[in-house]
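Below are the chains, spelled out letter by letter.
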Amino acid sequence: MKKFLKGVVEWKLSACAIFTAAVFFYLLICLFFGARQVSTSTLWGLFWASVAGSLFQAVCFSDWIIKKLRYTWRSLLFVALFLPALSLIAWRADWFPADQAGAWRLFIAIFFLIFLFMTVGFDIYFQFTGRKYDGLIGQYRRKKEEENS
């Protein structure tokens, strides 16, 4: 039960962070296009997208439900779960004209572009932190070998 509650707290914090970032970027877009008001339906859409995104992120990229699965398959599972949910949210929140195919193509293209940038960013981050920890482990092993000699 304790592990479950810890997971719920982590999920809640993740959803809050994602929502804050989404609202910030939406406000930047509004500033760029000269909009002066933020619609309530857009805020609710961003909220539900944040909740869904953080939940799917927890399911796909942690050991909470899926114990062993390659990162590539986890990423594909995330896309398979999140893209339909986000599309439903975008449609219900009227983020763009839903009857225009071009708007949907742009929406999906932006989704995959953001997904690509985030995936590359995480890969770069993990490479650097992996090297850092490999170096620290190497230092620790050399120190132990010197102590044992």
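In this report, the structure presented in the accompanying data block is examined. (Residues numbered from 1 in each chain as written. Predicted model: local features only at pLDDT ≥ 70, side-chain atom pairs only at ≥ 80, totals over all residues. Heavy atoms only, no water.)

Digging into helix H2 (residues 40–61)
- Taking 1.5 Å per residue as the helical rise, H2 with its 22 residues ought to reach 32 Å, and the 31 Å between its terminal C-alpha atoms agrees with that figure.
- Those residues of H2 that are buried are in contact with helix H1 (2–33) and helix H3 (71–92). (Helix = DSSP H or I, 4+ residues; strand = E, 2+ residues; numbered from the N terminus. Expected span 1.5 Å × (residues − 1). Contact = heavy atoms within 4.5 Å.)

Describing unusual backbone geometry
- Positive phi, normally seen in glycine, also occurs at Asp94, with a value near 55 degrees.
- Among the secondary structure elements, Asp94 is positioned in the loop between H3 and helix H4 (101–148).

A short note on the environment of Arg141
- Here Arg141 shows up in helix H4.
- Sequence separation between Arg141 and Val38 is 103 residues, and the spatial gap between their C-alpha atoms is 56 Å.

Description of the nonpolar core
- Grouped together as the largest cluster of nonpolar side chains are 17 residues, with contacts concentrated most on Phe56, Phe78, Phe82, Leu86, Phe96, Phe107 and Phe111.
- Secondary structure elements with two or more residues in this core: H2, H3 and H4.
- Broken down by element, the residue count for this core peaks at 8 residues, all from H3.
- Among all residues touching Phe56, those that are not within four sequence positions of it are Phe78, Leu81, Phe82 and Ala85. (Core = buried A, V, L, I, M, F, W, Y, C linked by side-chain atoms within 4.5 Å. Buried < 20%, exposed > 50% of the residue type's maximum accessible area, 1.4 Å probe, protein only.)

Some details on the packing of H1 against H2
- One can describe the packing of H1 onto H2 by two numbers: an axis separation of 8 Å at closest approach and a directional angle of 140 degrees. By the angle class used here, H1 and H2 are oblique. Once H1 is placed against H2, the crossing between them reads as right-handed. Residue-level inspection shows Trp11, Ser14, Ala15, Ile18, Phe19, Ala22, Val23 and Tyr26 of H1 in contact with H2, the latter providing Thr42, Leu43, Leu46, Phe47, Ser50, Val51, Ser54, Leu55 and Gln57.
- Residues belonging to the contact of H1 with H2 are distributed by class as follows: 12 nonpolar, 5 polar and no charged. (Axes fitted to C-alpha atoms, helices over the stretch in contact; angles between N-to-C directions. Parallel < 35°, antiparallel > 145°, perpendicular 65-115°, else oblique. Left-handed = near helix turned anticlockwise from the far one by under 90°. Nonpolar A, V, L, I, M, F, W, Y, C, P; charged D, E, K, R; others polar.)

What to know about the side chain of Ser50
- Structurally, the position occupied by Ser50 is in helix H2.
- Within the structure, the side chain of Ser50 is placed 3.2 Å from the backbone nitrogen of Phe19, a separation counted as a polar contact.
- Excluding its chain neighbours within four sequence positions, the residues that come into contact with Ser50 are Ala15, Ile18 and Phe19. (Polar contact = N/O pair within 3.5 Å; in protein donor to acceptor, adjacent residues only side chain to side chain.)

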